[in-house]
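# Observations on the three-dimensional arrangement
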Amino acid sequence: KQEVTQIPAALSVPEGENLVLNCSFTDSAIYNLQWFRQDPGKGLTSLLLIQSSQREQTSGRLNASLDKSSGRSTLYIAASQPGDSATYLCAVSSRGSYIPTFGRGTSLIVHP
Amino acid sequence: EPEVTQTPSHQVTQMGQEVILRCVPISNHLYFYWYRQILGQKVEFLVSFYNNEISEKSEIFDDQFSVERPDGSNFTLKIRSTKLEDSAMYFCASLRGDTQYFGPGTRLTVL
C-alpha cells in the first residue's frame, strides 16, 4: 500500500525566500505525482503534474522534481510571496490507477 | 475557464439522516471522483465513476454510500444514515488527461 509523507508539516518564512517542500513515497511503481495547493476551507488546485518518465516540471516560480528510484519529489518555490501562503499537498498515483494517495501536506505561511 | 461546482457549500444534518451531495463536473470530462477530508486529516479517495458505473472504490465506500449520474451534468454522492464520523469536507473532481480538477467542496456536519 502506497504511503506518502510530506516534510515539513509547517513552514513559516519571510517574503522573498526560496523554499523546498519535500514529499516521499514508499512504492516507486508510480504512474504520476501531482502537487496541489489548498487554501483554507477550499478545494484543491493542481499546480504541477509529473509523469513517472519525467524528472521535473516547471510553472512560473514553481519547479517540481521527481526521483522515482529514491521515492522522492521536491517542490521548489522561488522568491516566495504572501500569496503563496496555503497548504501544499503531494499526491501519488500508482501504476495502473488514476487514484492518488495524498500526503498530509505542508502548511506554508509567507509573511511580509 | 470551466470549473467543477458543488452544492451545497455547507450541509448540517442530524445523525441517522440521509444526505445528497451534488457536483457538476466539467462538461467534457469523463471520469469523476469523490474524496473526503476529515478535519486535520489527509484527503482520502472514496470512489471513481466512468461510463455510468463505479470504476474503483475504497474500503471507506461501503453500503452506506452510493453515487449516481442522474442526468448529463450532475454527479451525486448519497450518504445513508449519517454518522458523527461522516463529518468532513467532501470533494468532487473530474479528470482531463492525467490532471484532476477539484470542486470547492461541501462541508458536511453531522450532529
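These figures come from a predicted structure and were not determined experimentally. (Residues numbered from 1 in each chain as written. Chains lettered and ligands numbered in written order. Predicted model: local features only at pLDDT ≥ 70, side-chain atom pairs only at ≥ 80, totals over all residues. Heavy atoms only, no water.)

### Details of the overall build of chain B
Using the following cut-off: In this text, helices come from DSSP runs of H or I with a minimum length of four residues, and strands from runs of E with a minimum of two, each type numbered from the N-terminal end. Here the radius of gyration uses the C-alpha set of atoms, whereas the globule reference equals 2.2 Å times the residue count to the power 0.38. Here the term buried applies to any residue with accessible area under 20% of the maximum for its type, exposed to any over 50%, and partly exposed to those in between, with areas from a 1.4 Å probe on protein chains only.
Helix and strand counts for chain B stand at zero helices and eleven strands. Overall, chain B shows an N-to-C arrangement of helices and strands of β-β-β-β-β-β-β-β-β-β-β. For chain B, whose C-alpha radius of gyration is 13 Å, the value lies close to the compact-globule estimate of 13 Å for 111 residues. Buried residues in chain B amount to 46% of all 111 residues.

### Notes on the sheet that holds strand E6 (residues 56–59) of chain A
Pairing between sheet strands relies on hydrogen bonds along the backbone, with the strands arranged either parallel or antiparallel. Residues and elements named next belong to chain A. Filter applied, for reference: Any two strands with at least two DSSP bridges between them are considered paired. The angle between two axes is taken between their N-to-C directions and runs from 0 to 180 degrees, where each axis is a line fitted to C-alpha atoms and a helix contributes only its stretch in contact.
Here we have five strands laid out as an open sheet, ordered E1-E3-E8-E7-E6, and antiparallel in their pairing. The strands lining the two open edges of the sheet, one partner per strand, are strand E1 (4–7) and E6. Averaged over all pairs of adjacent strands, the angle between their axes in this sheet comes to 15°, without regard to strand direction. Judged from the six bridges that link them, strand E7 (residues 62–67) and strand E8 (residues 72–77) form a sheet pairing that is antiparallel. Residue pairing across strands places Ser-65 opposite Thr-74, the latter belonging to E8.

### Notes on the pattern of salt bridges
Definition in use: Salt bridge, as used here: a side-chain nitrogen of Lys or Arg that lies within 4 Å of a carboxyl oxygen of Asp or Glu.
Considering all chains together, one arrives at three salt bridges over all chains under this definition. Of the charged contacts in the structure, one is a salt bridge between A:Arg37 and A:Asp39, with a shortest N-O distance of 3.0 Å. Between B:Arg36 and B:Glu44 there is a salt bridge, and its shortest N-O distance comes to 3.0 Å. Since its relative accessible area comes to 11%, B:Arg36 is described here as buried. On the basis of relative accessible area, B:Glu44 is assigned to the partly exposed category, the value being 28%.

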